[in-house]
Amino acid sequence: MIKIQDKKIARAERHKHIRRTLSGTTERPRLAVFRSNKNISAQIIDDTKGITLVSSSSFEKENKFANGSNVEAAKLVGKTLAERALKAGITEVVFDRAGFLYHGRVQALADAAREAGLKF
């Protein structure tokens, strides 16, 4: 039990360090990723206004998976997010991995968003 708490605290500390230097602007908003054991979600945020511009997740109706926590689900979320962002006029973002390792599902989401047209 203590080990799980330590992991959560360590991720929160990493995220705090990342957010000190990383911020989304109107010209270049922040792409924030959240990964849980069952799902993955991402949103594009304008930190100057404090609003979410575009979002996508593996638990949306059109993205229903038997397993929303695999690499294929992350790829679909990244592709969907990039398509919605381009439709909203967003082409460049700053990637915020939120303290998660850039590996596996987080990396698959980022690669799919890049392939679909987002620049970061």
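Parameters and conventions
- Residues numbered from 1 in each chain as written.
- Predicted model: local features only at pLDDT ≥ 70, side-chain atom pairs only at ≥ 80, totals over all residues.
- Heavy atoms only, no water.
- Pairing = 2+ DSSP bridges.
- Helix = DSSP H or I, 4+ residues; strand = E, 2+ residues; numbered from the N terminus.
- Buried < 20%, exposed > 50% of the residue type's maximum accessible area, 1.4 Å probe, protein only.
- Polar contact = N/O pair within 3.5 Å; in protein donor to acceptor, adjacent residues only side chain to side chain.
- Contact = heavy atoms within 4.5 Å.
- Phe/Tyr/Trp six-rings, centres within 6.5 Å; stacked < 30°, edge-to-face > 60°.

Once that is clear, we can look at the pairing of strand β1 (residues 30–35). Pairing between β1 and strand β2 (residues 40–46): 6 bridges, direction antiparallel. Looking at the pairing, F34 lines up with S41 of β2. In this antiparallel pair of consecutive strands, β1 and β2, the connection spans 4 residues. Looking at chain direction, β1 and strand β4 (residues 94–96) are connected through 3 bridges and run parallel. Residue pairing for β4: R30 is matched across the bridge by V94.

Let us now look at the side chain of E60. Inspection of the secondary structure assignment puts E60 in the loop between β3 (51–57) and α2 (71–87). Exposure remark for E60: the relative accessible area of 17% places this residue in the buried category. Polar side-chain contacts of E60 include one of 3.1 Å to the side chain of R84. Once residues lying within four places of it in the same chain are set aside, the contact partners of E60 are S55 and R84.

This part covers the packing of aromatic side chains. With the rule as written, the count across this model stands at 3 aromatic pairs. Judged by centre distance (6.0 Å) and plane angle (70 degrees), the ring pair of F34 and F100 falls under edge-to-face. Residue F34 is found in strand β1, and its partner F100 is found in the loop between β4 and α3 (105–115); the two are separated by 66 residues along the sequence. The class for F34 is partly exposed, based on a relative accessible area of 42%. A relative accessible area of 5% means that F100 is categorised as buried. Geometrically, the ring pair formed by F95 and F120 is stacked, given 5.2 Å between the ring centres and 10 degrees between the ring planes.

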